[in-house]
Amino acid sequence: MNRRDFIRTTGLLSTVAMAPHSLGTKLLKGEQKEILILGGTRYTGPAIVEKLLAQGHNITLFNRGQTNPQLFPKVEKLRGDRYQHRGKGLAALAGKRRWDVIIDTWNESPLCVRDTLKLLAKRCEQYIYISSMAVYPYQALQERAGITESFPLPDDTMPSNYTMIDYDAAKRIADKMVNSLSHGCILRPHSISGARMTHVSDNQRYWPVRLQQGGIIAAPGDGADTTQFIDMKDMARFIALAIEDKLKGAFNTFTTERFDAYLYGLKALSAKPSELIWIPHEHLAKEKFRPYVDIPMWAPRQKDRGTFAISTQKAVNAGYQTRPIAETFRDLLVDFYEQEEDTYDFATGKSKAGLSRMMEKDLLKNYFPNQHRGS
């Protein structure tokens, strides 16, 4: 399948689907902001830039100019490197220039966040950092549902050099630094979905694409487990809201769906017929199929109470809203079919997540040897 076939068979790009959704950020109150975005042309960055430009803010981007440099030709661009010992480093950010808001999407060494905070924290009214739900300890998530932003985070040692450390620890260190600011605002997203994703993001791409392929589909558990994810456009909208309302502190930002509702919602986007076969978590464990990896976006509530059951009440109270599932995964699928064909297989080659079609057939055959052999 290609992009044109997907659009034609789903009909998702109708006038209704493309119309502005009613769950938008509140209109600006006549206040135009000067905003510096550290990054802005990769992954979540473009969605954030597009939203803030649409609201009339003045945007400046700081990045290396190597990823999607053609984007946003009319936006001011400062060139440099978050690793200050490389090339011109942070020189373009030196001086006394101030911005109303600084948005930091960094996901590598926390030393880079430390360096920009030293340089910029006192030169803005609000510093927004895109953190992650990965800051919460794995053991706590296993044992406890409903973890909130007030849950105490472990202490991690600041690395002595710029070599990448464990992702969870790197995010926690940066999260804590920004959260310690009186004007810091932190978003802790879960499983970001949308456009501009690659095979690295196959844990988010697996189910939308698998439902498009149709046939007999191995579904995990009994459908009553929950999953959590965030549409990157919803993230951008919440950032715009955070700027308008001058939000401070940390916010868990994602939507929660029962797994059956999630899969049946994706099923409704496909023109191909399919049948979901729910396989008990005990059987999946016995056959050594791994939650999160082999079975993306899922963990059995009997073994993992909290990874996909984190509280988002604080963000909801602040105004966090979500687009319909059809809009979220329409963007993801259009993007997927711009990059890949129907021959794409998960858990093979460059893909590191999901079930390959052979793995899925074997799973179905072993669980229902006389009825279902997959398709």
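For clarity, every value in this text was computed on a predicted model and none was experimentally measured.

Novice: I would appreciate a short explanation of helix α6 (residues 167-179) in the present structure.
Specialist: Residues lying three or four places apart along an α-helix face the same way, a consequence of the helix completing one turn every 3.6 residues. The terminal C-alpha atoms of α6, which comprises 13 residues, lie 18 Å apart, in line with the 18 Å expected from a rise of 1.5 Å per residue. Every buried residue of α6 is accounted for by Ala 169, Ala 170, Lys 171, Arg 172, Ile 173, Ala 174, Asp 175, Met 177 and Val 178. Tucked inside the fold, the buried residues of α6 contact α4 (110-120), β5 (124-130) and β6 (184-189). By the N-cap criterion, in which a side-chain oxygen at the helix start approaches the backbone nitrogen of a residue two or three places on, α6 is capped by Asp 166, the distance to Asp 168 being 3.2 Å.

Novice: Mind showing me how you'd approach the nonpolar core here?
Specialist: Core analysis: the biggest nonpolar cluster contains 43 residues, and Ile 37, Leu 52, Ile 103, Tyr 136, Phe 238 and Ile 239 have the highest contact counts within it. When residues in this core are grouped by element, the largest group, 9 residues, is from helix α8 (residues 232-244). Here Ile 37 is in contact with Ile 48, Val 49, Leu 52, Ile 59, Thr 60, Leu 61, Phe 62 and Ile 103, once residues within four sequence places are set aside. Met 197, Ala 219, Tyr 262 and Ile 279 belong to the second largest nonpolar core, which has 33 residues in total.

Novice: Would you explain the side chain of Asp 260 in this entry?
Specialist: For Asp 260, the location among the structural elements is in helix α9 (residues 259-267). A relative accessible area of 18% places Asp 260 in the buried class. Excluding residues that lie within four positions of it along the chain, Asp 260 makes contacts with Gly 223 and Trp 278.

Novice: For this particular structure, what's the right way to read the environment of Tyr 43?
Specialist: Within the secondary structure, Tyr 43 is located in the loop between β1 (34-38) and α3 (45-54). Tyr 43 gets classed as partly exposed once you look at its relative accessible area, which sits at 26%. C-alpha separation for the pair Tyr 43 and Thr 105, spaced 62 residues apart in sequence, amounts to 9.5 Å. Apart from the residues lying within four places of it in its own chain, the contact partners of Tyr 43 are Ile 192, Arg 196, Met 197, Ser 201, Gln 204 and Met 232.

Criteria and thresholds
Residues numbered from 1 in each chain as written. Predicted model: local features only at pLDDT ≥ 70, side-chain atom pairs only at ≥ 80, totals over all residues. Heavy atoms only, no water. Helix = DSSP H or I, 4+ residues; strand = E, 2+ residues; numbered from the N terminus. Expected span 1.5 Å × (residues − 1). Buried < 20%, exposed > 50% of the residue type's maximum accessible area, 1.4 Å probe, protein only. Contact = heavy atoms within 4.5 Å. Polar contact = N/O pair within 3.5 Å; in protein donor to acceptor, adjacent residues only side chain to side chain. Core = buried A, V, L, I, M, F, W, Y, C linked by side-chain atoms within 4.5 Å.

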